[in-house]
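# Architecture and fold: a report
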Amino acid sequence: MLRFNDIADRVIDYSPNADFELIQRAYVFSAKVHEGQERLSGEPYLVHPLEVAGILSDLRMDDVSIASALLHDTLEDTLTTRDEIERLFGDKVAFIVEGLTKIARIQFSSAHEHQAENFRKMLVAMSKDIRILLIKLADRLHNMRTLEHIGAESRQRIAQETLDIYVPLSHRLGIRWMMQELEDCAFRVLNPRESEEIERQLTGGREERERYVEEVIGVISSALSRVGMDTEVKGRLKEIASIYHKMEMQNLALDQIYDVIAFRVVIDGTAEDCYAALGLVHSTWRPVPSRFKDYIGNPKPNGYRSLHTTVIGPYGERMEVQIRTREMDEDAEYGIAAHWKYKSGQPENPQDENRFSWLRQLLEWQRDMADPHEFLDTVKMDLFPDEVFVFTPRGEVINLPRRASTVDFAYAIHSEVGDRCAGARVNGKMVPLRHVLVDGDTVEVITNDHQFPRKDWLEFVVSGKARSRVRHSIQASERQRAIQLGRDSVSREFRKAGLSLSNLTNSGEMETLARSEAKGGAIDDLFAAVSYGKLSPSLLVRKLKGEEPPPRSEEVQEPLQDKILGLFKKRPSREPDAQNGVLVGGMSDVMVRFGGCCDPLPGDDVVGFVTRGRGVTVHGRNCRRVFEVDPARRVDVEWDTRHSVPRKVKVQVDSQNRPGILSKVVNSISAAGINVAGLKVTTDDEQGRASQAFELWVGDTRTLSAVMKEIGRIKGVTTVSRVRG
Ligand code: MN
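Calculation criteria
Residues numbered from 1 in each chain as written. Predicted model: local features only at pLDDT ≥ 70, side-chain atom pairs only at ≥ 80, totals over all residues. Heavy atoms only, no water. Pairing = 2+ DSSP bridges. Helix = DSSP H or I, 4+ residues; strand = E, 2+ residues; numbered from the N terminus. Core = buried A, V, L, I, M, F, W, Y, C linked by side-chain atoms within 4.5 Å. Buried < 20%, exposed > 50% of the residue type's maximum accessible area, 1.4 Å probe, protein only. Contact = heavy atoms within 4.5 Å. Phe/Tyr/Trp six-rings, centres within 6.5 Å; stacked < 30°, edge-to-face > 60°. Lys NZ or Arg CZ within 6 Å of the ring centre and 35° of its normal.

## Considering the sheet that holds strand 14 (residues 592-594)
Read across the open sheet, the four strands follow the order 14-16-15-17; overall the sheet is mixed. A strand with exactly one partner marks an edge of an open sheet, and here the two such strands are strand 14 and strand 17 (634-635). Bridge analysis of strand 15 (residues 606-611) against strand 16 (residues 615-620) gives six bridges, and the strand direction is antiparallel. Bridged to Phe609 within strand 16 is Thr617.

Next comes the structure, spelled out in structure tokens:
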């Protein structure tokens, strides 16, 4: 067990001026209040805060961080109050511990709609002091290390959450070892069979592997020392998770011991020495073309610098070698923790500013986004930065997410350049805007003042910045149109009633009216509300003339419902029981259409939009369209569980082309009580494959996924998927 003295020694060692007394008092206090508590493993609870503090001392964090780590669970799990912590340990420690406590209460895998908002809350809390984030990561890491004591179900949930949120966060902050360990722990929980299998095979080849590592290290070291370079060469067994990904990606069996080792050359010297060392490695073993990556010239967005190459090793095997300076190596290990100036709360060098500014940037975008789901959608894009490097005509490097287009590039240069982007030249050749960039492209953007962001750009832009700007500007122009339409109809109605819109505006009466009637309170909000059918011009006239009889109270509270009822109620000539299975604002008789883009089914998470004259359109919660329309048009919709109405969905079944498969598939469908609306079968005799495109009448998602699972089990069926749009 890690003892407090070990941690204290370590802290004093790397930070001689640290407030030793502060961390000691924090330790004593934590021991006292956690007294008698146990972890699920049966160990005393205190082990956990000690281990977390230990991880932070590995990151060489400051005294305030270590003290906060020792106290991090006291607010949550003991009777301690914030005031007490502030009195005893100062406001910084209290602020951090409180921030951590708030995050601890967040459950990510609870209901889906809460997740996005929770994630946003967490980032907001963390962005106030980077130490909150680092302590949270250390806390999670220790919990992952001791996950075996937790029940199987929560274990799965915690591992998945780690993979979804904490692995990308630690990657973004550039703390490599932490990211790798978190990912590995999560992988072992989520893929136990694969992990065991790899583990078993690794034990088998141990001796052979050790001999191999020693041989390669010997060759590299002596080559480098011959030219007088001071180096440390390491041969490291890769993590189970990365071995697995590699096998999966290259479709390899694990029979090559070489696949599991990564060599690293750490040089006590300069960047130039790294290139020199690379030259020596390449002259010893033949490099594999196109596998060389220069992250020194082009650091990764998280600040990672190193040279990577793959060579044909002594036994004709592919061998990976990373080369970097001591300083780069430490940066890669400690990431943002390496140079953080905790006193000022500021990073020490610009590279760390980059790491942290990513977080700040996110929070800036979120201010523009009314919807937490849109925020999450944007963040997800940016958390997994599988990037490409491209160049400006002046040779500056721009990092973009993989599959980025010229429009993403334009937005990366400047928002204005993106908004006005009319075309681009890539490597001197004109290309369409949706052209996908690859590593090394030189891109020149052509702007035009008459150009504006267009809706179809959303089909191909991938960077968070571009997506959020384009959506924003589409929403803004949609709103402008709505305001114009609303103004026209108000003005018309006023004229009929003998009122003048411009006089009422000048006299300030419109302003007063807007404040009382429109959400948002501005005159433009009032016009927009009229345009979306949320307010009627005649109601405004009555208000202005003061002749409005007191309406029924629920009408005042729910002008939207009232309005929708009036505008979109189905014509009585239609069959009275032609329900559509959707409740808008709790009502079932509103005219509803479904988005053809996402074909939502009962059970899917849905949102609705008011459409002029066409009722309410319902889309799946994650449909791209949802992010493109003015949030002011959104209305709450839910599935009417009492009157579920089957909807048509498309399902694609791919299989081997053998007799009897189709009838088996159709049998499973009819056994589930589902009607077939259409079927198209195509066969490819040469490949021996068949594909069946079904149209089915299905009542809800649960029935659909059950039958899809059933079909998937039929021998010869390769894939079953739901087709949208
Ligand atoms: Mn904890």
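## Re the nonpolar core
One finds Leu56 and Met178 to be the most contacted residues of the largest nonpolar core, which totals 59 residues. Listing elements by their share of this core, those giving two or more residues are helix 1 (4-14), helix 2 (20-33), helix 3 (47-58), helix 4 (63-70), helix 6 (82-104), helix 8 (130-145), helix 9 (152-172) and helix 10 (176-190). Looking at this core, the element that brings in the most residues is helix 8, giving nine residues. Once residues within four sequence positions are removed from consideration, Leu56 is found in contact with Tyr14, Met61, Ser65, Ile66, Ala69, Leu134, Ile135 and Ala138. One finds Ala241, Cys274, Val281 and Ile296 within the second-largest nonpolar core, a separate group that totals 32 residues.

## Concerning the sheet that holds strand 2 (residues 261-267)
Strands pair in a sheet through their backbones, by hydrogen bonds, and they do so in one of two ways: parallel or antiparallel. Reading across from one edge, 1-2-5-4-3 is the order of the five strands in this open sheet, with mixed pairing throughout. Each edge of the open sheet is held by one strand with a lone partner, namely strand 1 (231-237) and strand 3 (293-294). The pairing of strand 2 with strand 5 (residues 318-325) spans six bridges and is classified as parallel. If you follow Arg264 over to strand 5, its bridge partner there is Gln322.

## Quick notes on the side chain of Ser30
Note that Ser30 resides in helix 2. In this structure Ser30 comes out as buried when scored by relative accessible area, which is 0%. The contacts of Ser30, once residues within four sequence positions are left out, are Leu46, Pro49, Leu70 and Leu71.

## As for the packing of aromatic side chains
Evaluation of the coordinates by the stated rule reveals seven aromatic pairs. Measuring from ring centre to ring centre gives 4.9 Å for Phe187 and Tyr244, while their planes differ by 45°; the resulting arrangement is tilted. With Phe187 in helix 10 and Tyr244 in helix 13 (residues 240-250), the pair connects residues that are 57 residues apart, well separated along the chain. Its relative accessible area of 17% is what places Tyr244 among the buried residues. Taken together, a centroid distance of 6.2 Å and an interplanar angle of 50° make the contact between Tyr212 and Tyr315 tilted. Residue Tyr212 is located in helix 12 (residues 206-226), and its partner Tyr315 is located in the loop between strand 4 (307-312) and strand 5; the two are separated by 103 residues in the primary sequence. You can call Tyr212 buried: its relative accessible area is 3%. Over the ring of Tyr304 we find Arg176; its NZ or CZ atom is 4.3 Å from the centre of that ring. Between Arg647 and the ring centre of Phe594, over which it is positioned, the NZ or CZ distance is 3.5 Å.

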